[in-house]
Amino acid sequence: MAALGWLTPRRRSASARSVLAGEASAEAARKTALAGAPHPAEPDLDTDLEALAEEGEEPEFPVAGDDLAAAFFDLDNTVMQGAAIFHFGRGLYKREFFRRRELARFAWQQAWFRLAGVEDPDHMQDARDSALSIVKGHKVSELMAIGEEIYDEYMAERIWPGTRALAQAHLDAGQKVWLVTAAPVETATIIARRLGLTGALGTVAESVDGVYTGRLVGEPLHGPAKAEAVRALAAAEGLDLARCAAYSDSHNDIPMLSLVGHPYAINPDTKLRKHARTNDWRLRDYRTGRKAVKVGVPAAAGVGAIAGGAAAAIALHRRRK
């Protein structure tokens, strides 16, 4: 898949593989995006915003009818408790795609991810390598159908209600809402559709004639690659990033969060929490019930969900023995 270099200018801090991964993800996302609801007509929106700024008032956010704005949500531990790729691995094991040894690795990685609450690059890379080897030779359509079932089995009940409400606020304002994740773009697209979102940016696995080759296009959509994907999609969609919002739990997503005018730290890890406070970014934490910095949607999930999820992953492996 050719890199879409014409889409947008960029800083050259990202590697060529990050740029390729981001632009491939943006192209895939636009092809599979759901048809969104029409935006409310706001012909004098720019004038209204300028008037509020002159009066020293902050307009309500998200701004209804601002079709130059969109929202970008990280998936793992931001929209959903745990990591999508680990849940997907459990579902594939249930369908005998791989053996018990691989399940043990998935269970441990998921337990570690939930307890630590941060993305470890080595763990994430190991999980992606495992997934690529597992799906190699399978049809894309087959994995999409299985992904629908896995969402119902393992993911639907793990959506954070608070983050879901934030996404809905953007939808209600007539804005597009995109997931941005290192998970496979097919899995991310399923989750986005089930949540009623516009679409998803995710890691693009190479396929030939509808069959996975076991290779990636570029690299996993992680860190700088996420920022490249958002930049490319914004250019293609005609968005003003200064009006857009982005949400994430991980300091790895600071490049993406820094692109937009409205960055939010959701269930943040220690490094992101510190960065957000230093830069006066808004905070939301749905894990403990702590009140958010600045006005926000009330937390809706307890800390027991984290420990419970880890125990469930380990218990699943033990039951299989």
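Our subject is the structure that appears above.
The following refers to the structure shown. These figures come from a predicted structure and were not determined experimentally. (Residues numbered from 1 in each chain as written. Predicted model: local features only at pLDDT ≥ 70, side-chain atom pairs only at ≥ 80, totals over all residues. Heavy atoms only, no water.)

1. Quick word on unusual backbone geometry
Peptide bonds are trans in most cases, and residues, glycine excluded, mostly fall at negative phi. Our working definition: A 1.4 Å probe rolled over the protein chains alone gives each residue an accessible area, and that area as a share of the maximum for its type sets the label: buried under 20%, exposed over 50%, partly exposed in between. Helix and strand definitions follow DSSP, with helices as H or I runs of at least four residues and strands as E runs of at least two, each counted in order from the N terminus.
In this structure, asparagine 77 takes a positive phi of about 70° despite not being glycine. Classification of asparagine 77 as buried rests on a relative accessible area of 8%. For aspartate 209, which is not glycine, the phi torsion reads 55° and is therefore positive. Tracing the backbone shows aspartate 209 in the loop between strand 4 (205–208) and strand 5 (211–216).

2. As for the environment of glutamine 175
We count it as follows: We call two N or O atoms a polar contact when they sit within 3.5 Å, provided that within protein one can donate a hydrogen and the other can accept it, with sequence-adjacent residues counted only if both atoms are side-chain atoms.
Structurally, glutamine 175 is set in the loop between helix 7 (161–172) and strand 2 (176–184). A distance of 3.2 Å separates a polar atom in the side chain of glutamine 175 from the backbone oxygen of valine 63. At 2.9 Å, the side chain of glutamine 175 and the side chain of histidine 170 are in polar contact.

3. Points about the pairing of strand 7 (residues 262–266)
Note the threshold: For two strands to pair, DSSP has to find at least two bridges joining them. Throughout, right-handed denotes a crossover for which the path from the first strand over the helix to the second runs clockwise when the strands point away from the viewer.
Counting buried positions along strand 7 gives 4 out of 5 residues, so the element sits mostly inside the fold. With 4 bridges connecting them, strand 6 (residues 245–248) and strand 7 associate as parallel partners. Following the sheet pairing, tyrosine 247 is matched in strand 7 by tyrosine 264. With 3 bridges joining them, strand 7 and strand 8 (residues 282–284) adopt parallel strand pairing. Looking at the pairing, tyrosine 264 lines up with arginine 282 of strand 8. Between the parallel elements strand 7 and strand 8, the chain passes through helix 11 (residues 270–278) in a crossover that is right-handed.

4. A short note on the pairing of strand 1 (residues 70–74)
With 5 of its 5 residues buried, strand 1 lies for the most part within the structure. Of the two faces of strand 1, both are covered, the one formed by Ala70, Phe72 and Asp74 as well as the one formed by Ala71 and Phe73. Looking at chain direction, strand 1 and strand 2 are connected through 5 bridges and run parallel. By the bridge assignment for strand 2, aspartate 74 is matched with valine 180.

5. A short note on the pattern of salt bridges
We count it as follows: By definition here, a salt bridge exists when the distance from a side-chain nitrogen of Lys or Arg to a carboxyl oxygen of Asp or Glu is within 4 Å.
Counting across every chain of the model gives 17 salt bridges. Notably, a salt bridge pairs arginine 243 with aspartate 240, separated by 3.7 Å at the nearest N-O pair. You can call aspartate 240 partly exposed: its relative accessible area is 31%. Through salt bridges that share partners, Lys94, Arg95, Glu149 and Glu153 make up one connected network.

6. Points about the sheet that holds strand 7
Where strands meet in a sheet, backbone hydrogen bonds hold them as pairs that are either parallel or antiparallel. For the record, the criterion: Lines fitted to C-alpha atoms define the axes, with helix axes restricted to the stretch in contact, and inter-axis angles between N-to-C directions lie between 0 and 180 degrees.
Sheet architecture is open: 6 strands sit in the order 3-2-1-6-7-8, paired in parallel fashion. Two strands in the sheet have a free side with no partner beyond their single neighbour: strand 3 (199–203) and strand 8. Recorded for the sheet is a direction-independent mean angle of 20° between the axes of neighbouring strands. Taken together, the 3 bridges between strand 1 and strand 6 define a ladder with parallel strand orientation.

7. Section: the packing of aromatic side chains
Think of a pair of aromatic rings as described by two things: how far the centres are apart, and how the planes are tilted against each other in angle. Defined as follows: Only rings of Phe, Tyr and Trp enter the pairing, Trp through its six-membered ring, and a pair is recorded when the two centres are within 6.5 Å. The plane angle decides the type: under 30 degrees is stacked, over 60 is edge-to-face, the rest tilted.
Throughout the structure, instances matching the rule amount to 2 aromatic pairs. An angle of 5° between the planes, with centres 4.1 Å apart, marks the rings of phenylalanine 73 and tyrosine 247 as stacked. With phenylalanine 73 in strand 1 and tyrosine 247 in strand 6, this residue pair connects regions lying 174 residues apart in the sequence. As far as burial versus exposure is concerned, phenylalanine 73 and tyrosine 247 are alike and both buried. Between tyrosine 247 and tyrosine 264, the ring centres sit 4.5 Å apart and the planes meet at 20°, which makes this aromatic pair stacked. Of this pair, tyrosine 247 sits in strand 6 while tyrosine 264 sits in strand 7, placing them 17 residues apart in sequence. For tyrosine 247, a relative accessible area of 1% corresponds to the buried category. According to the relative accessible area criterion, tyrosine 264 is buried, its value standing at 3%. Connected via pairs of aromatic rings, a cluster forms that spans Phe73, Tyr247 and Tyr264.

8. Details of the environment of alanine 192
Convention followed: Note on contacts: a residue pair qualifies if any of its non-hydrogen atoms lie within 4.5 Å across the two residues.
Turning to its location among the elements, alanine 192 is positioned in helix 8 (residues 185–194). Given the relative accessible area of 0%, alanine 192 is considered buried. For the pair alanine 192 and valine 177, spaced 15 residues apart in sequence, the C-alpha to C-alpha distance is 8.8 Å. Ignoring sequence-local partners within four residues, the contact set of alanine 192 consists of Leu179, Leu197, Gly199 and Ala200.

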